[in-house]
Amino acid sequence: MNFKEQFILFDGAMGTQLQARGLPVGENPEYFNLSHPEIVRSIHKDYVDAGVNVITTNTFQANRTKVKQEDLPSLISSAIAHAKDAGASLVAYDMGPIGQLLRPAGTLSFDEAYNIFKEQVLLAEQNGANLVLIETMSDLLEVKAAILAVKENTKLPIFATMSYQADARTFMGCDPLTATLTLQSLNVDAIGVNCSLGPVELSPIVDTILEYAKVPVMVQANAGLPEIINGETYYSITVEEYVQAVGHMVQKGVQIVGGCCGTTPEFTKGLRAFLDTQKVVKTSPRDVSAVTSGLKTVIINEDLTLIGERINPTGKRRLKEALRNKDLSYILQEGLAQAENGADILDVNVGLPEIDEAQMMVRVLEELQAILANPLQIDSSSVQAIEEGARHYNGCPLINSVNGKQESLDTILPIVKKYGGVVLGLCLDEEGIPKTARGRLEIAQKILLEAKKYEIEKSSVLIDPLVLTASAQQDQVNVTLETLRLLKDELGVRTVVGLSNVSFGLPNRELLNATFLAQAVGAGLNVPILNPLNRSIMETVRALKVLLAQDRDSVKYIEQEALSEKAITDAEQEVFSNRKTIQKANAEDGVLDLKEIVIKGRKELAANQVEKLLILKTPLDIVDEFLIPALNEVGGKFERGELFLPQLMQTAQTVKNAQEVLKKHLESSNEENSTNRGKIILATVAGDIHDIGKNIVKMILENYGFQIFDLGKDVSSEQLVEAIQEHDTPLVGLSALMTTTVKNMKKSIEDVREAGLNVKFFVGGAVLNEEYREFVGAEYYARDALESVKIAQNFFAENL
């Protein structure tokens, strides 16, 4: 089947169909492939009869974290056989998320995730699957691991879909623009969205995907949002409404459709009838130069895009020492400072001959991405370091660099093609750096032609004409400027230069750098690599943005200039003073900086600062004066959409590290733990084996000083009653991810009431809402972890 020239109709929901035909609540659906093959085949057959092109296997959770590893071969082979036996024209191996958070938000490594996916796809291809559907994903890094597992071990096409919430971001904070640009750079065959929302709610998300997608777009929406009627869960949308809403997307250019939760063969039949009356709509996606992280996209256009240069050991003694000692604290501080001062992208160069550069590159990228949303530039002369960095990076990086030497082109461009991203091309070749602008232009042309052979588009190549020092090669400064003009006028490529090279060896370097920046921008420069902590340079940047109409109405310029010279001087003095006192390990420094450490997620600094604070403060003072205010500030940013779950988790881990020190202090001094705010039980209800959300709630509640008794997942009402009696907890939090286990939540609450226990309940989970809260009989509904904190705080304030 030619994926790009005709509609493809996938089937609809499997889980809700299995439940309707007897799947017990809590039983893993994949085992029905073995125990009830006739039911699985009959569901597939109904979808085949409804007119699908592709049947999806019953393998959403068929990974070693959810089923026994020794059962994988039989579960996967039987699942594919059932789809074929039902008459499927094409069989898509269905691969969902692993169910654990990847580092840095969780503990699962990228390589472990890769191996979990690899096991599945090898079996899928061996047993005759025609393609792999990677679906219901929220973490771009996890999708990347899955994509690479498929590409490196099979020849199967890949369709990849993310699951978005009502705020148009995934659970992990990824937006549809970032997902689209990242996934298509990884050379998948189709991208899109599934689950979570109905087709009406998904429509604006799909619009964004269609605006940028250069591969077919896929939509598998839920049958609206679930409702409770007479104690049963129903999906609200009719077949006609679903087809109409999906039809609008098809008429905008969506090419692959199907259904997710709540849809049935009747929905599929309606889609088939509609598609048979339509023709594929050709889209005109935007072609952009863009780099991404897991949370953010930076589009490189005519506006100035700034790359921070400071994470580079060349000429930096402290950074060299940090790299040798594997102490990332200094590196993270440099990254944060540059981001806070206006850098859009951060350069990362960890090249020292005495360290394992590839290993260090992976580690630094991971740690920086834990605390920053900014995209990163992987900068190295080591091919291994570039490849390992590109492989483990979350998003589309900027890769620095390739040049006109054939050896460089043959080694770097395949890495860019495989892992995605934008590559920086340097205007030098085997003969060195040409002395003329035309000579440099010819090298740029060669790089673009070689990139085209790998199907790397011009928009994914930036060109650096190279800046030589005015002190030694003064006449070459104008050559660089002339090359910038040629690159813009004749090739139409985006350009990059490293500013600080021009002033090397001369006094008053700031003046030379700022002046050259203005000249270079006038010649067509798009992306300067600079020091964003340099006041003179950033003042020049702000002025240029006003004069080039990039700072509309001069808003940012005026805001900055409104600060008095005295205020600026005072701020600089305070930063200097704080740095000095940190170096002296003064206890007063901890008083000044612990809150900031928590807000910025600097987990490696927390324990040491708390130790210093304990010289002056009690544990309760530290919690009330520093940890709680910091958590509240981060929580406010989270609620406003200024930061997302990965950063929230980083903050939570930072507080946890601080609390470990407080706990040890209390134990060693035999002091009463006055930081305990109240006891809470948490549990995922019977029949539900999903606990990521509950675990996040646990960590955040513990941050705020609550004592948590975590009963785990698939917890029976009997276990819950016993735990409440044992721990004498007045507040219980229950979690459920699946609509089918909401009934078990209701039963658990009823059984606790019948046992005569006076407790209050708050409930949460992906399917929960106020209507479900009322249905199950809970007092409170927590839409997220921070809402759980508010519930707990208010409850114990009123009941203690």
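The structure displayed is predicted, hence computed values, not measured ones.

Calculation rules
- Residues numbered from 1 in each chain as written.
- Predicted model: local features only at pLDDT ≥ 70, side-chain atom pairs only at ≥ 80, totals over all residues.
- Heavy atoms only, no water.
- Helix = DSSP H or I, 4+ residues; strand = E, 2+ residues; numbered from the N terminus.
- Rg over C-alpha atoms; globule rule 2.2 N^0.38 Å.
- Buried < 20%, exposed > 50% of the residue type's maximum accessible area, 1.4 Å probe, protein only.
- Areas by Shrake-Rupley, 256 points an atom, 1.4 Å probe, with all protein chains shown as cover.
- Lys, Arg positive; Asp, Glu negative; His and termini not counted.
- Charge placed at Lys NZ, Arg CZ, Asp CG, Glu CD.
- 1 Å grid on protein atoms, 1.4 Å probe; cavity = no way out; pocket = protein on both sides within 12 Å on 5 of 7 lines; lining within 4 Å.
- Points joined across faces, edges and corners; volume = space filled by probe spheres on them.
- Axes fitted to C-alpha atoms, helices over the stretch in contact; angles between N-to-C directions.
- Parallel < 35°, antiparallel > 145°, perpendicular 65-115°, else oblique.
- Left-handed = near helix turned anticlockwise from the far one by under 90°.
- Contact = heavy atoms within 4.5 Å.
- Nonpolar A, V, L, I, M, F, W, Y, C, P; charged D, E, K, R; others polar.
- Pairing = 2+ DSSP bridges.
- Salt bridge = Lys/Arg side-chain N within 4 Å of Asp/Glu carboxyl O.
- Expected span 1.5 Å × (residues − 1).

Draft legend 1. A look at the overall build of the protein chain. If you tally the helices and strands in the protein chain, you get 30 helices and 25 strands. Relative to the compact-globule value of 28 Å for 800 residues, the protein chain shows a C-alpha radius of gyration of 28 Å, a close match. When its C-alpha atoms are laid out on the principal axes, the protein chain stretches across 85 × 70 × 50 Å. Going through the 800 residues of the protein chain one by one, you find that 57% of them count as buried. Surface summary for the protein chain: the accessible area is close to 32,700 Å², and the carbon and sulfur share equals 48%. When the 78 basic and 108 acidic side-chain charges of the protein chain are each reduced to a single mean position, those positions are 4 Å apart.

Draft legend 2. Broad picture of empty space enclosed by the protein. Taken as a whole and judged by the stated rule, the model has 1 cavity of 30 Å³ or more. There is about 40 Å³ of room inside the largest cavity. Considering the residues around the largest cavity, the lining is formed by Ala160, Met162, Tyr164, Ala179, Thr180, Leu183, Ile191, Gly192 and Ile209. When contributions to the lining of the largest cavity are tallied by element, the ones reaching two or more residues are β5 (158-162), α7 (176-185) and β6 (190-194). Take the lining of the largest cavity: its biggest share by element is 3 residues, from α7.

Draft legend 3. Quick peek at the packing of helix α3 (residues 37-50) against helix α10 (residues 265-275). Packing of α3 against α10 brings their axes to within 8 Å, and their N-to-C directions diverge by 20°. By the criterion of interaxial angle, the relationship of α3 to α10 is roughly parallel. As for how α3 packs across α10, the hand of that crossing is right-handed. Contact residues: Asp46, Tyr47 and Ala50 in α3; Pro265, Thr268, Lys269 and Arg272 in α10. Taken together, the residues that form the contact of α3 with α10 break down as 3 nonpolar, 1 polar and 3 charged.

Draft legend 4. A look at the sheet that holds strand β14 (residues 345-348). Taking strand neighbours around the barrel as the criterion, the 8 strands line up as β13-β14-β15-β16-β17-β18-β19-β20 in a closed arrangement whose pairing is parallel. In this structure, strand β17 (residues 422-426) lies alongside strand β18 (residues 461-464), joined through 4 bridges in parallel fashion. Directly across from Leu426, in β18, lies its bridge partner Asp464.

Draft legend 5. Expanded view of the pattern of salt bridges. Scanning all chains against the criterion turns up 38 salt bridges. Salt-bridge contacts for Glu366 lead to Arg103; the nearest nitrogen and oxygen are separated by 3.3 Å. With Glu366 in helix α13 (residues 357-371) and Arg103 in the loop between β3 (90-95) and α5 (110-126), this pair connects stretches of sequence that are 263 residues apart. The partly exposed category is assigned to Glu366, whose relative accessible area is 22%. The salt bridge partner of Arg317 is Glu321, with a shortest N-O separation of 3.0 Å. Residue Arg317 and its partner Glu321 are located together in helix α11 (residues 317-324), separated by 4 residues, close to a single helical turn. On the accessibility criterion, Glu321 (34% relative accessible area) is partly exposed. In this structure, a network of salt bridges that share partners links the residues Glu152, Arg391 and Lys418.

Draft legend 6. Structural view of the sheet that holds strand β2 (residues 54-56). Sheet architecture is open: 8 strands sit in the order β1-β10-β7-β6-β5-β4-β3-β2, paired in parallel fashion. The open sheet has two free edges, formed respectively by β1 (8-9) and β2, since each of these has just one partner strand. Here β1 runs beside strand β10 (residues 256-259); their pairing, made up of 2 bridges, is parallel. Opposite Leu9, over in β10, you have Val257 as the bridge partner.

Draft legend 7. Seen up close, helix α28 (residues 742-754). Taking 1.5 Å per residue as the helical rise, α28 with its 13 residues ought to reach 18 Å, and the 18 Å between its terminal C-alpha atoms agrees with that figure. Regarding α28, the residues found buried are Val742, Asn744, Met745, Ser748, Ile749, Asp751 and Val752. Contact partners of the buried residues in α28: α27 (717-727), β23 (731-735), β24 (760-764) and α29 (770-776). Backbone geometry just downstream of α28 places Gly756 in the positive-phi region, at approximately 75°.

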